[in-house]
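Geometric and topological summary
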Amino acid sequence: TDPRESGKEYARKPGGGRKPKYSNRLFFSAIVYVLRTGIIWNALPREKFEGVSSAMVHRKFQQWARAGVFRSIWQRGLAEYDAMEGIAWLWESADGSNIEAPLAEESIGPNPTDRGKKWDQANLLVDENGVPLSLVVSGANRHDSVVLDSLLKNRVVAPEQKDTPQNLCLDAAYVGKEDTVMSHGFIPHIRPRGEEKKLIERDPSFKARRWVVELAHSWFNRFRKLIPRYEKTDLSYIALNTLAAA
């Protein structure tokens, strides 16, 4: 419900007036529809959602984003998944992916590989099965390793037992960040370019594990509202990424 300001006189008593016509479930379904299809908010088909207007859906989306609703859904979903299947803490991996952001006004930077156009970067931390555990958005001109500390610090959930062994697999972009990794309780596994391929050739039983985060980035690409980024503010874009993670 909308918060009521203390000390302000209201014409109606709490609970008075017309009851809301649309349910929160309907608003949530419309937001997921926008996230999956990638359509602009104004193009939301009213006939699919009981006549609710796109302005009302976007207003509700902004309200929930400010209240942290989507992060709460992600956190609760991970807790249920951990209880049913178990989060694979033993081998985690992290990496960033650059995303074109022509209209964005926050967390952007000139992409040196695309004539300095505006791009941002989505940084992911996933477990051994590719389940997202943390997400940080930054400018494309910031190196992956610079965001690593924030990525590990902002995990949605953490192991209940502090002595749970956790290995973190990273690519060559994170060389020199071993101390940062160990400060968060991880065992670093940073492979220079091509080293895993050589290890597999020498030892067929060797299992490469870092590629799982690339698969997770591919899953995020299925949500067409995220790529390219047309959301101007971090509030909206991070909320959409958080809902996709959930």
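From a predicted model like this one, the values you see are computed outputs, not experimental measurements.

**A closer look at empty space enclosed by the protein**
- Evaluated as defined, the whole model comprises 1 cavity of 30 Å³ or more.
- By volume, the largest cavity is sized at about 70 Å³.
- Lining the largest cavity are Ser97, Ile99, Ala122, His217, Phe220, Asn221, Leu226, Ile227 and Asn241.
- Of all the secondary-structure elements, those providing two or more residues to the lining of the largest cavity are β1 (91-100) and α7 (211-220).
- A breakdown of the residues in the lining of the largest cavity according to their chemical character gives 5 nonpolar, 4 polar and no charged.

**Some remarks on the pairing of strand β3 (residues 118-126)**
- Counting buried residues along β3, 8 of its 9 residues qualify, which places the element largely inside the surrounding structure.
- In this sheet, β3 lies alongside β1 in antiparallel orientation, the contact comprising 8 bridges. Bridging from a neighbouring strand, Asn98 pairs with Gln121 of β3.
- Of the pairings in the sheet, the one linking β3 to strand β4 (residues 132-139) comprises 7 bridges and is antiparallel in character. Along β4, the bridge assignment pairs Gln121 with Ser138.

**With respect to the packing of aromatic side chains**
- Counting across every chain of the model gives 5 aromatic pairs.
- Ring centres of Tyr33 and Phe49 lie 5.4 Å apart, and the angle between their planes is 70°; this geometry places the pair in the edge-to-face category. Taken together, the positions of Tyr33 in helix α1 (residues 24-37) and Phe49 in the loop between α1 and α2 (54-67) put the pair 16 residues apart, joining distant regions of the chain.
- Between the aromatic rings of Phe61 and Phe70, the centroid separation amounts to 5.6 Å while the plane-to-plane angle is 40°, which identifies the pairing as tilted.

**A word on the environment of Pro102**
- Looking at where Pro102 falls in the secondary structure, it is placed in the loop between β1 and β2 (109-110).
- With a relative accessible area of 34%, Pro102 lands in the partly exposed category.
- Spatially, the C-alpha atom of Pro102 lies 9.0 Å from that of Lys232, the residues being 130 residues apart in sequence.
- In contact with Pro102, not counting residues within four places along its chain, are Lys118, Arg229 and Tyr230.

**Considerations on the packing of α1 against α2**
- Orientation of α1 relative to α2, taken along the N-to-C sense of each, is 95°, at an axis distance of 10 Å. With respect to each other, α1 and α2 are oriented roughly perpendicular. Note on element contacts: α2 touches α1 through Met56, Val57, Lys60, Phe61 and Trp64, opposite Asn24, Phe27, Phe28, Ala30 and Ile31.
- Across the contact of α1 with α2, the residue classes break down as 8 nonpolar, 1 polar and 1 charged.

**Observations concerning helix α3 (residues 69-84)**
- Its 16 residues place the ends of α3 23 Å apart at the C-alpha level, agreeing with the 22 Å of an ideal helix rising 1.5 Å per residue.
- Every buried residue of α3 is accounted for by Phe70, Trp74 and Leu78. In a view along the axis of α3, the buried residues occupy a sector of 80°, so they form one face of it. Counted as exposed and oriented over 90 degrees from the buried face of α3: Arg76, Glu80, Ala83 and Met84.
- Those residues of α3 that are buried are in contact with α1, α2, β4 and α8 (234-245).
- Gly86 occupies a position one or two residues after α3 and carries a positive phi of about 95°.

**Digging into the pattern of salt bridges**
- Under the definition given, this model contains 7 salt bridges.
- Its salt-bridge partner being Arg209, residue Glu128 comes within 2.9 Å of it at the nearest N-O pair. Here Arg209 lies in the loop between α6 (195-202) and α7 and Glu128 lies in the loop between β3 and β4, a separation of 81 residues in the sequence.
- On the basis of relative accessible area, Glu128 is assigned to the partly exposed category, the value being 25%.
- A salt bridge links Glu214 to Arg210, with the nearest nitrogen and oxygen atoms 3.1 Å apart.
- For Arg210, a relative accessible area of 16% puts it in the buried group.
- Through salt bridges that share partners, Asp95, Arg210 and Glu214 make up one connected network.

**A short note on the side chain of Ser93**
- Structurally, Ser93 can be placed in strand β1.
- Ignoring sequence-local partners within four residues, the contact set of Ser93 consists of Leu124, Leu125, Val126, Leu168, Cys169, Arg209, Arg210, Val212 and Val213.

What counts as what
- Residues numbered from 1 in each chain as written.
- Predicted model: local features only at pLDDT ≥ 70, side-chain atom pairs only at ≥ 80, totals over all residues.
- Heavy atoms only, no water.
- 1 Å grid on protein atoms, 1.4 Å probe; cavity = no way out; pocket = protein on both sides within 12 Å on 5 of 7 lines; lining within 4 Å.
- Points joined across faces, edges and corners; volume = space filled by probe spheres on them.
- Helix = DSSP H or I, 4+ residues; strand = E, 2+ residues; numbered from the N terminus.
- Nonpolar A, V, L, I, M, F, W, Y, C, P; charged D, E, K, R; others polar.
- Buried < 20%, exposed > 50% of the residue type's maximum accessible area, 1.4 Å probe, protein only.
- Pairing = 2+ DSSP bridges.
- Phe/Tyr/Trp six-rings, centres within 6.5 Å; stacked < 30°, edge-to-face > 60°.
- Contact = heavy atoms within 4.5 Å.
- Axes fitted to C-alpha atoms, helices over the stretch in contact; angles between N-to-C directions.
- Parallel < 35°, antiparallel > 145°, perpendicular 65-115°, else oblique.
- Expected span 1.5 Å × (residues − 1).
- Arc of directions from axis to C-beta.
- Salt bridge = Lys/Arg side-chain N within 4 Å of Asp/Glu carboxyl O.

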